[in-house]
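# Understanding the architecture of this molecule
The chain contents come next:
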Amino acid sequence: MKKYFSLAIISLLSIGFWSCQAEIRRPDVQIIPMPASLTNMEGTFSIGSQTKILINSENKEMQRVTSYLTIHLEDFYQIKSKVTFSGAPEKKTIFIKLNTGLSISKEAYNLVVSSKGIMLESPSPNGLFYGIQTLLQLMPPIKQKLSEVVVPAVVIRDTPRFAWRGLHLDVGRHFMPKEFILKYLDYMAMHKFNTFHWHLTEDQGWRIEIKKYPRLTEVGSIRKETLVGHYGSKNYDGTPVGGFYTQDDIKEVVAYAADRFITVVPEIEMPGHALAALAAYPELGCTGGPYEVGTTWGVFDDVYCAGNAKTDTFLMNVLKEVIPLFPGEYFHIGGDECPKTRWQKCPLCKERMKAEGLRSENELQSFFVERIEKFLNENGKKLIGWDEILEGGLAPNAAVMSWRGEKGGIAAAKEHHFVVMTPGEYCYLDHYQADPKNEPLAIGGYLPLKKIYSYEPVPASLTEEESKYVMGAQGNVWTEYMKTPQQVEYMVYPRAAALAEVVWSPKGSKDFENFKSRLIRLTKFYDILGINYCKTEFKQ
Ligand code: ACM
Ligand code: ZN
């Protein structure tokens, strides 16, 4: 465990009220993700119903952030605490201080626990929220009535390594109920993730209400049956399934995420993975259909026609409804796995290529993406897409999500485009995490905990300047083989805990054995919360 004596002393002096205590070795402070600097100190602080929680601002957001502490104390230990907004910090106080004068980033915080009290400070509520997440992990991983919660003395100065700390969820292959999405966000917040990439449309299901095009959900959200077993199997289950989110559901999720400092990035897939939309509106495809919502997995030849003005109008109208629902900076337009077979034969696609002087279907895709980018930019959004959007030339301001290895991300960063790293080999949480013989059916691959933990998001081939374009990394959760929320949890945890450390903790601070020992404690919280995590790593 890292020790930063001087930082610890400065922190203690800077808060004035609490006197210096000696640093000690103590294995029981086990935080995930590992803070940037953590020093164990002698002593403990006991939180009871008499402990005063003092906030230096009556600002609503500060009260809400503090409620994550008070609700946890009550929910886990039945301790009702008192929150006050005035007075100087005195003995036995938890002081939550919005300190706009601090020159640390808005997600950074300082947390000092001594026998006399607790001091948490950050220049913004974001950092205070993360400081509270850390404080909650310092508490005992039990849920029972306690007269006092004993917290070990520590000095923590913490700041995330990356600005984009993402988890994705595909609700197209299998719809996941809103209640589960809220839990997914809770668990993300606990691990200090800040970006939820919500993959809302797919060949096998369109999951977001669009008022102008009701058939997208009436027709496009339902498939008549689903493939049984692996891709290539001839068996289908004969059972129709569906599900979608109303725009009110979406607003609720986005607000819930914002309360936890998570930005929701929607993905509306185009020009490929669009079969559900084509089933609803066949005139948007090159052949005119008829089409059927996908019942098997993989990549389909039928995609949006890139030469038809009707497709342009449709997509802009869809975006017009979706954009206002998501206040974040980025909008994901997919762009992956779009076969060009239909475009090669389609009179409208060929006509557009000729009219625009496009020499290949890849250039037609780039032309299509550039128009969408222009529309998004005009409506206050930045475009992000899978790395295929590089193939016919990158749209002027587009960011790239690199999934077919790191090549696309490296190329984009070298062109000074922002990048999120999600290479399949390290970041695909739909891959097996243990011996497939003993695991529920998954798509394939092999991504054990140790491998995801080892991931380094900044490729060595980038210069220091180019590295600044790597916004962070993300775990992707494709749900072909995850029919239920329980199965999603099983595939995501505990691997997301390893990824949390990849994107939060300082480069060079990683130690897998140490992580594993901390993880054992964290899983006790998972048990209390009812997270259905994979236990293979803990069986030895
Ligand atoms: C992808 O996995 N098709 C982005
Ligand atoms: Zn066409």
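Described in the following lines is the structure provided in the data block. (Residues numbered from 1 in each chain as written. Chains lettered and ligands numbered in written order. Predicted model: local features only at pLDDT ≥ 70, side-chain atom pairs only at ≥ 80, totals over all residues. Heavy atoms only, no water.)

Turning to the sheet that holds strand E5 (residues 109-114), a few remarks are in order. Reading across from one edge, E1-E7-E5-E6-E4-E2-E3 is the order of the seven strands in this open sheet, with mixed pairing throughout. Edge positions in the sheet fall to strand E1 (37-48) and strand E3 (82-84), since each of these pairs with one other strand and no more. Strand-to-strand twist across the sheet, computed as the mean angle between neighbouring axes with direction ignored, equals 20°. The sheet contact formed by strand E2 (residues 52-55) and strand E4 (residues 93-98) spans four bridges and is parallel. Pairing of Ile-53 across the sheet is with Ile-94, part of E4. Along the sheet, helix H2 (residues 60-77) contacts E1, E2, E3, E4 and strand E7 (148-158); its crossing angle with E2, the most-contacted strand, is approximately 165°. Sitting on the sheet, helix H3 (residues 125-138) touches E4, E5, strand E6 (117-122) and E7, and the angle it makes with E5 is about 35°. (Pairing = 2+ DSSP bridges. Helix = DSSP H or I, 4+ residues; strand = E, 2+ residues; numbered from the N terminus. Axes fitted to C-alpha atoms, helices over the stretch in contact; angles between N-to-C directions. Contact = heavy atoms within 4.5 Å.)

On to the sheet that holds strand E15 (residues 399-402). Reading around the barrel, the eight strands line up as E8-E9-E12-E13-E14-E15-E16-E19 and close back on themselves, with parallel pairing between neighbours. Neighbour-to-neighbour, the strand axes of this sheet turn through a mean angle of 30°, independent of strand direction.

Following both chains from N to C, one finds helix H8 (residues 309-322) and helix H11 (residues 361-378) inclined at 35°, their axes separated by 11 Å at the closest point. In this structure, H8 crosses over H11, and the sense of that crossing is right-handed. Contact with H8, carried on its side by Asp-312, Leu-315, Met-316, Leu-319 and Lys-320, involves Phe-368, Arg-371, Ile-372, Phe-375 and Leu-376 of H11 and no other residues of that element. For the contact of H8 with H11, a count of residues per class yields seven nonpolar, no polar and three charged. (Left-handed = near helix turned anticlockwise from the far one by under 90°. Nonpolar A, V, L, I, M, F, W, Y, C, P; charged D, E, K, R; others polar.)

Okay, the coordination of the zinc ion (ligand 2) next. The coordination sphere of the zinc ion (ligand 2), as far as protein atoms go, consists of Cys-286 (SG), Cys-305 (SG), Cys-346 (SG) and Cys-349 (SG), spread over 2.3 to 2.4 Å. If you look at the zinc ion (ligand 2), its four donor atoms make angles of 107 to 114° with each other, and the shape they trace is tetrahedral. For the zinc ion (ligand 2), all donor residues lie on one chain, and their spacing in sequence is C-x18-C-x40-C-x2-C. Highlighted residues: Cys-286 in the loop between helix H7 (275-280) and H8 and Cys-305 in the loop between H7 and H8, separated in sequence by 19 residues. For Cys-305, a relative accessible area of 1% corresponds to the buried category. (Donors = N, O, S within 2.8 Å, 3.2 Å for Na, K, Ca; no water. Tetrahedral: all angles 85-135°; square planar, octahedral: opposite > 155°, others 65-115°. Buried < 20%, exposed > 50% of the residue type's maximum accessible area, 1.4 Å probe, protein only.)

Moving on to the layout of surface pockets. Computed from the structure, the largest pocket encloses a volume of approximately 570 Å³. In this structure, the largest pocket is lined by 24 residues; those nearest its centre are Ala-163, Asn-194, Thr-195, Thr-263 and Glu-329. Only H3, helix H6 (247-259), strand E12 (263-270) and strand E19 (470-475) provide two or more residues apiece to the lining of the largest pocket. The element that contributes the greatest number of residues to the lining of the largest pocket is E12, accounting for three residues. The residue inventory of the lining of the largest pocket, partitioned by class, reads 14 nonpolar, five polar and five charged. (1 Å grid on protein atoms, 1.4 Å probe; cavity = no way out; pocket = protein on both sides within 12 Å on 5 of 7 lines; lining within 4 Å. Points joined across faces, edges and corners; volume = space filled by probe spheres on them.)

As a further point, take the packing of aromatic side chains. Tallied over the full model, the rule gives 28 aromatic pairs. The interplanar angle of 45° and the centroid separation of 6.3 Å between the aromatic rings of Phe-76 and Phe-525 together place this pair among those described as tilted. Here Phe-76, found in helix H2, pairs with Phe-525, found in helix H18 (residues 512-529); they are 449 residues apart in sequence, far enough to count as distant. A single burial state applies to Phe-76 and to Phe-525, both of which are buried. An angle of 25° between the planes, with centres 4.6 Å apart, marks the rings of Tyr-453 and Phe-515 as stacked. Within this pair, whereas Tyr-453 is found in helix H14 (residues 449-453), its partner Phe-515 is found in helix H18, the two being separated by 62 residues in sequence. Overall, Phe-515 belongs to the buried group, its relative accessible area being 0%. Each member of the aromatic cluster is reached from another via a ring pair, and the members are Phe-175, Phe-180, Tyr-184, Phe-196, Trp-198 and Tyr-245. The ring of Tyr-256 carries the charged tip of Arg-260 above its face, separated from the ring centre by 3.5 Å. The aromatic ring of Tyr-533 is capped on one face by Lys-535, whose charged end is 4.3 Å from the ring centroid. (Phe/Tyr/Trp six-rings, centres within 6.5 Å; stacked < 30°, edge-to-face > 60°. Lys NZ or Arg CZ within 6 Å of the ring centre and 35° of its normal.)

Attention now goes to unusual backbone geometry. Omega for the peptide link from Ile-32 to Pro-33 comes to -5°, which places this bond in the cis form. By the secondary structure assignment, Pro-33 is in the loop between helix H1 (5-15) and E1. Cis geometry marks the peptide bond from Tyr-493 to Pro-494, where omega comes out at 10°. Tracing the backbone shows Pro-494 in the loop between helix H16 (485-492) and helix H17 (495-504). Positive phi outside glycine occurs at Gln-78, with the angle close to 55°. If you check the backbone angles, Lys-192 has positive phi at about 65° while not being a glycine.

With that out of the way, let us pick up the pairing of E6. Of all six residues that make up E6, six are buried, and the element is covered over most of its length. Here E6 shows two buried faces, one formed by Gly-117, Met-119 and Glu-121 and the other by Ile-118, Leu-120 and Ser-122. Taken together, the six bridges between E4 and E6 define a ladder with parallel strand orientation. The residue bridging Ile-96 from the neighbouring strand is Leu-120, located in E6.

Following the sequence through the fold, Ile-452 ends up in helix H14. Its relative accessible area of 0% is what places Ile-452 among the buried residues. Here the alpha-carbon distance between Ile-452 and Tyr-428, two residues 24 residues apart in the chain, equals 9.0 Å. Each residue touching Ile-452, except ones within four places of it in the same chain, is listed here: Tyr-426, Leu-429, Leu-447, Arg-495, Ala-498, Leu-499 and Val-502.

Attention shifts here to empty space enclosed by the protein. With the rule as written, the count across this model stands at three cavities of 30 Å³ or more. As a volume, the largest cavity reaches approximately 60 Å³. Considering the residues around the largest cavity, the lining is formed by Ala-306, Thr-311, Asp-312, Leu-315, Met-316, Arg-352, Phe-368, Arg-371 and Ile-372. With four residues, H8 is the largest single contributor of residues to the lining of the largest cavity. Here the lining of the largest cavity is composed, by residue class, of five nonpolar, one polar and three charged.

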